[in-house]
Amino acid sequence: MPALIDIRRRIRSVRNTEQITKAMKMVSAAKLRRAQESMFAARPYARKMMEVLNSLAARADPAGHPLLAERAGDRLLIVIITADKGLCGGFNAAIVRAATEFLGEQRERDIALTLVGRKGREHFRRRDHEIRSEHVGLFQKLQYASARRIAAELIEIYTRGEIDQVFLVFNEFKTVIQQRVVVERLLPIEKLTPTGVTSPFDYVYEPEPGAIFDRLLPKYVEIQVWHALLESAAAEHGARMSAMDAATNNAGEMIDRLTLYMNKVRQAAITKEIIEVVSGAGGD
Amino acid sequence: MSEAKLPRKLLLEVVTPEGLLMRDEVDDVVVPGALGYFGVLPGHAPFLSALGMGEISYGKQGARRYLTCCAGFCEVLPDRVNILAEAGERVEDIDAAHVEEARARAVERLKAVRDEEGYEEASQAYRAAVTGKAATRRRRG
């Protein structure tokens, strides 16, 4: 039978852990709220951008642009977005699994990786993949400039013709407790729907539609990357929050169990002492 | 459009990817287009322009207010102006010390650039910092 003091020590340690997980849950909840806010904040920009692009596509000839042209080649670049930190349930594992699966499907093609987030880097570095670039520590303070930098890099590699297609793999925020891994093609840009109807106005353009269109397409790529980063950040905080919530609950249960056990042990000790005393008294 | 129907006010909205910067009814707007500044009064013809770097200014009840903006585009309709800037700040929010620091850093970067490669980026950073610095003077003016 373990000594009472050991059980007490154990309870104290579990209680400490419980407090930590509880605090982490609170922090994640606050961060999640902020991440969701920035997700909502980015929406009007993205929506307007789509509207203008589509209405421009009707006016300017979109076929000629290099970011839209489908190429026959077999070289893929896969951008994998993971978190920088762990302790967020299956968040990183799910991404890594989905990415590995996708890599398996595309095995006969020439694949390079761009890794965003420390966890993905840790995993894929140790394996036999060509790694184009790495971006870590973005999620501490997520800024649009990061999305711009990544997009610029991708566009540059793509237009130089080193890569024929670019895919994004990231966690999408569905609900607080649910994430979904998304594999999405970033480049070439999926066909725009040239609808002149979205905008009932015939604009005066400055500079001419074609030139605006050329300027907007790279921005569109930036927005896609930004969107993926925001989704991933929100999903990460959601996942961490629910993981820490579960951990807190488990710790609570464990404390209850240990407390019960401790009481039993204590009672047993008392009973034993009484028996000793009684039997000692009776023996005389 | 007949005189009677002409709108009196413009609804100005400035949006960046990081969020809504402002939304207000204003009397007029001056916007830094890619090909130069242009002014908008209520009842302007539908107009779509790419944006350069500079100051957006708008008038409201006789007072002028300023924002900085950097790249993006602008949609003008008779009764509203939607500005989608890649980055931007209200002049009131600009941190003068921060801007000065950014300017100094940009100058250093410009000095370090030796070839075409990094020049565009460095000069962009420099112009952004100078724009911000110039805008902070508006607060006293």
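In this text, all values refer to a predicted model and were calculated from it rather than measured experimentally. Along each chain, numbering runs from 1 in the same order as the chain's sequence is written. Starting at A for chains and at 1 for ligands, labels are handed out in the order in which the entities are written. Selection of residues for local features in this predicted model requires a pLDDT of at least 70, selection of side-chain atom pairs for listing and counting requires 80 or more, and totals for whole chains, interfaces and linings are taken over all residues. Note that the side-chain values use all heavy atoms of the structure and ignore hydrogens as well as water.

## Structural notes on the domain arrangement of chain B
All names here are of chain B.
- Under the domain assignment, chain B is made up of domain 1 (10-92) and domain 2 (95-140).
- Each of domain 1 and domain 2 has a C-alpha centre, and the two are 22 Å apart.
- Contacts between residues were defined by any pair of non-hydrogen atoms, one from each residue, lying within 4.5 Å. The interface is formed by eight residues belonging to domain 1 together with nine residues belonging to domain 2.
- In total, about 750 Å² of surface goes out of reach between domain 1 and domain 2, with carbon and sulfur atoms giving 65% of it.
- Once two parts are joined, some of their accessible surface, as seen by a 1.4 Å probe, is lost; buried area is that loss totalled over both. When residues of domain 1 are sorted by the area they lose upon contact with domain 2, Met 53, Glu 55 and Val 91 head the list and together hold 61% of the total.
- The salt bridge definition used is simple: a Lys or Arg side-chain nitrogen within 4 Å of an Asp or Glu carboxyl oxygen. Viewed at the interface, domain 2 and domain 1 are joined by zero salt bridges. Domain boundaries shown here were taken from an automatic or database domain assignment.

## Regarding the sheet that holds strand β5 (residues 178-187) of chain A
Residue and element names in this part refer to chain A.
- The rule for pairing is simple: two strands pair if DSSP sees at least two bridges between them. Counting from the N terminus, the helices are DSSP H or I runs at least four residues long and the strands are E runs at least two residues long. Pairing within the open sheet is mixed, and its five strands lie in the order β3-β2-β1-β4-β5. Taken across any chain shown, the strands that pair with only one partner, and hence form the sheet edges, are β3 (130-135) and β5. Direction aside, the axes of adjacent strands within the sheet are offset by 20 degrees on average.
- As paired strands, strand β1 (residues 75-81) and strand β4 (residues 165-175) are joined by five bridges and run parallel to one another. Across the sheet, residue Ile 78 finds its bridge partner in β4, namely Phe 167. As a rule, the C-alpha atoms of each element are fitted with a line to give its axis, helices using only the stretch in contact, and angles between N-to-C directions run from 0 to 180 degrees.

## Focus: a positive patch on the surface
All names here are of chain A.
- For patch detection, residues must exceed 30% relative accessible area and be free of salt bridges, and they are connected within 9 Å for like charges or within 5 Å for nonpolar side chains (Val, Leu, Ile, Met, Phe, Trp, Tyr). Only the protein chains shown count as covering a residue, and every accessible area follows the Shrake-Rupley method with a 1.4 Å probe. Asp and Glu are treated as the negative residues and Lys and Arg as the positive ones, with His and the ends of the chain left uncounted. A charged residue contributes its charge at one atom only: NZ of Lys, CZ of Arg, CG of Asp or CD of Glu. Among the surface-exposed residues, Lys 31, Arg 34, Lys 85 and Arg 118 lie close enough to one another that they form a single positively charged patch.
- Along the polypeptide, Arg 34 turns up in helix α1 (residues 4-59).
- Think of it in three bands: with a 1.4 Å probe and only protein chains considered, a residue is buried below 20% of the maximum accessible area for its type, exposed above 50%, and partly exposed in between. The exposed category is assigned to Arg 34, whose relative accessible area is 53%.

## Section: the nonpolar core
- Ranked by internal contacts, the top residues of the largest apolar core, which has 64 residues, are Ile 81, Val 166 and Leu 229 of chain A.
- Those elements that provide at least two residues to this core are α1, β1, β2 (110-116), α4 (144-159), β4, β5 and α5 (209-283) of chain A together with β7 (63-77) of chain B.
- When residues in this core are grouped by element, the largest group, 17 residues, is from α5 of chain A.
- Leaving out residues up to four positions away in the same chain, Ile 81 of chain A has contacts with Ile 95, Val 116, Phe 139, Leu 168, Val 169, Phe 170, Ala 228, Leu 229 and Ser 232 of chain A. Here, nonpolar core means buried Ala, Val, Leu, Ile, Met, Phe, Trp, Tyr and Cys residues that are tied together by side-chain atoms lying within 4.5 Å of each other.

## Thoughts on a nonpolar patch on the surface
All names here are of chain A.
- On the surface, Ile 270, Ile 274 and Val 278 cluster together into a nonpolar patch covering about 280 Å² of accessible area.
- Residue position: Val 278 is located in helix α5.
- According to the relative accessible area criterion, Val 278 is exposed, its value standing at 52%.

## What to know about the domain arrangement of chain A
- Split by domain assignment, chain A resolves into domain 1 (4-25 + 243-283) and domain 2 (30-237).
- Here the C-alpha centroids of domain 1 of chain A and domain 2 of chain A sit 51 Å apart.

## Re the interface of chain B and chain A
- The interface of chain B with chain A comprises 22 residues on the first partner and 23 residues on the second.
- Each partner contributes to the roughly 2,200 Å² buried at the junction of chain B and chain A, and carbon and sulfur atoms together form 68% of this total.
- Counting the surface chain B buries against chain A, the share from its top three residues, Pro 17, Leu 48 and Glu 86 of chain B, is 30%.
- The interface formed by chain B and chain A contains three salt bridges.
- For the salt bridge of Glu 86 of chain B with Lys 219 of chain A, the shortest nitrogen-to-oxygen distance reads 2.8 Å.
- For the purposes of these results, a polar contact is taken to be a pair of N or O atoms within 3.5 Å, where, inside protein, one atom must be able to donate a hydrogen and its partner to accept one; residues adjacent in sequence count only when each atom of the pair is a side-chain atom. Joining chain B to chain A, the criterion identifies eleven residue pairs in polar contact (both at pLDDT 80 or more).
- Those elements that place two or more of their residues in the side of chain B that touches chain A are β1 (10-16), β5 (47-50), β7 and β8 (80-90) of chain B.
- In this count, Pro and Cys sit with the nonpolar residues alongside Ala, Val, Leu, Ile, Met, Phe, Trp and Tyr, while Asp, Glu, Lys and Arg are called charged and the others, Gly among them, polar. Taken together, the residues of the side of chain B that touches chain A sort by class into 15 nonpolar, four polar and three charged.

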